[in-house]
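A look at the structure
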Amino acid sequence: MTEAEASLLRQFPLLLPQNRAKTVYEGFISAQGRDFHLRILLPKDLQLRNARLLCSWQLKAILNGYHHVVQQRMQHSPDLMSFMVELKMVLEVALKNKKELLVYVDTCFSTIKLKAEDASGREHLITVKLKAKYPAESPDCIVDFPVSFSVSWTPQSSLISIHSQFLAALESLKAFWDVMDEIDEKTWVLEPEKPTRSATARRIALGNNASINIEVDPRHPTMLPECCFLGADHVVKPLGIRLSRNIHLWDPENSLLQNLKDVLEIDFPARAILEKSDFSMDCGICYAYQLDGAIPDQVCDNSQCGQPFHQICLYEWLRGLLTSRQSFNVIFGECPYCSKPLTLKMSGRKA
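Residues numbered from 1 in each chain as written. Predicted model: local features only at pLDDT ≥ 70, side-chain atom pairs only at ≥ 80, totals over all residues. Heavy atoms only, no water.

Under the annotation held in an unreviewed UniProt entry, the chain carries the name E3 ubiquitin-protein ligase FANCL and is attributed to Physeter macrocephalus. The UniProt entry for the chain carries the following text under Catalytic activity (unreviewed entry): "S-ubiquitinyl-[E2 ubiquitin-conjugating enzyme]-L-cysteine + [acceptor protein]-L-lysine = [E2 ubiquitin-conjugating enzyme]-L-cysteine + N(6)-ubiquitinyl-[acceptor protein]-L-lysine." (UniProt positions renumbered as here; feature names shortened; annotations may be inferred.)

So, in structure tokens, the structure goes:
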């Protein structure tokens with residue numbers, strides 16, 4: 001008996017060769033505590049791509065909808081052992097599958113994508129990358145989570161055990177995604193433009209060319225987040241004062257957005273009703289919003305102006321003025337729009 005034949009017998013003891021040439025195998029494949037009859041007819045050269053798989057009607061019914069995956073594996077699996085391992089994985093998914101759990105399998109059967117819905121109806125994907133020594137070696141799992149995700153794995157584990165752990169992780173993050181979805185739906189989020197499920201930060205428009213950047217703790221999403229106000233001093237300083245004065249009003253039982261409204265004593269304007277005149281998005285120098293990933297975060301403090309600029313654009317502008325002066329990393333000059341005094345403190349680079 002070859003090593004490959006011994007390995008097949010250990011993994012699938014109920015599947016046995018029916019002739020000396022070992023071109024016919026018959027027996028059972030076990031999954032989720034159930035046994036299913038099957039028969040495999042191999043050609044004389046024992047190449048799987050020309051083999052035939054005969055299933056019991058129960059197994060055929062369960063694999064309905066997965067025929068293309070099974071055929072794909074027969075065309076690409078290097079040997080019978082590999083095919084049986086892959087067939088068992090597909091069978092486990094099919095037995096568990098209520099809403100098309102399996103959404104993608106590559107031709108090498110090394111990358112598999114499964115999907116699941118959380119309690120709020122959001123769809124999530126997990127990408128499972130199988131290693132050469134699967135199932136002895138734990139596969140890599142890639143998810144779009146704001147926290148790390150690792151699976152508990154033994155050689156007896158399966159795709160279904162990964163999916164179950166995935167579902168449990170989704171449930172633990174439900175409150176975080178509920179919080180972020182409410183912010184995305186009811187405010188004008190400036191950044192990120194297309195937030196992923198792993199994104200924990202939001203920059204929210206407040207009007208008057210001011211915004212607030214919040215960093216939400218995924219494990220405690222209704223607690224006070226890290227807050228940073230961006231905008232002209234005469235606009236953002238009163239907001240900072242209100243935050244300090246009203247912080248005792250923060251109630252973790254309320255939503256994060258409602259708490260922000262209460263402590264800041266404001267209503268967040270929605271993008272649909274915030275007029276262009278209320279919030280200028282583009283830089284007043286380069287006339288663009290995004291510049292090498294940066295947004296206009298410097299604002300003229302003149303209440304009659306309030307024009308935003310990219311830090312680098314304003315730096316280059318002020319550096320070119322004869323009337324500007326510099327002290328360490330702070331540049332003093334005039335606003336390109338209203339000519340009122342303007343101060344720029346450089347961060348992340350030398351002025």
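Alright, that's what it looks like, and here's the rest.
1. So, the UniProt feature "domain: Fanconi anemia complex subunit FancL WD-repeat containing" (unreviewed entry) in the chain
In the numbering used here, UniProt assigns the "domain: Fanconi anemia complex subunit FancL WD-repeat containing" (unreviewed entry) feature to residues 6-92. Annotated as 40% helix and 26% strand, the span residues 6-92 places its first and last C-alpha atoms 23 Å apart. (Helix = DSSP H or I, 4+ residues; strand = E, 2+ residues; numbered from the N terminus.)

2. Describing the packing of helix α1 (residues 3-11) against helix α4 (residues 80-96)
Two numbers describe how α1 lies on α4: the axes approach to 9 Å, and their chain directions differ by 20°. When the axes of α1 and α4 are compared, the pair comes out roughly parallel. The interaxial crossing formed by α1 with α4 has left-handed handedness. Across from S7, L8 and Q11 in α1, the residues of α4 making contact are L80, M81 and M84. (Axes fitted to C-alpha atoms, helices over the stretch in contact; angles between N-to-C directions. Parallel < 35°, antiparallel > 145°, perpendicular 65-115°, else oblique. Left-handed = near helix turned anticlockwise from the far one by under 90°. Contact = heavy atoms within 4.5 Å.)

3. Here's the deal with the packing of helix α3 (residues 67-76) against α4
When two helices pack together, their arrangement is given by the angle between their axes and by how far apart the axes lie. At a closest axis distance of 10 Å, the pairing of α3 and α4 adopts a crossing angle of 165°. The pairing of α3 with α4 is recorded here as roughly antiparallel in orientation. Once α3 is placed against α4, the crossing between them reads as right-handed. Judged by residue contacts, V69, V70, R73 and M74 of α3 engage F83, E86, L87 and V90 from α4.

4. Focus: the pairing of strand β5 (residues 102-105)
Bridge count between β5 and strand β6 (residues 111-117): three bridges; the pairing is antiparallel. By the bridge assignment for β6, Y104 is matched with K113. Where β5 hands over to β6, the hairpin turn is made up of five residues, of which F109 adopts a positive phi near 55°. (Pairing = 2+ DSSP bridges.)

5. A word on the nonpolar core
Nonpolar side chains in soluble globular proteins tend to be buried together. Among the nonpolar cores identified, the biggest contains 81 residues, and I29, L38, I40, F83, M84, I112 and F268 are the most heavily contacted of them. Here this core gets eleven residues from one element, more than from any other, and that element is α4. When sequence neighbours within four positions are dropped, the list of residues in contact with M84 reads L8, F12, L15, I29, L38 and I40. Counting residues in hydrophobic clusters, the runner-up holds twelve residues, among them C283, C300, Y315 and L342. (Core = buried A, V, L, I, M, F, W, Y, C linked by side-chain atoms within 4.5 Å. Buried < 20%, exposed > 50% of the residue type's maximum accessible area, 1.4 Å probe, protein only.)

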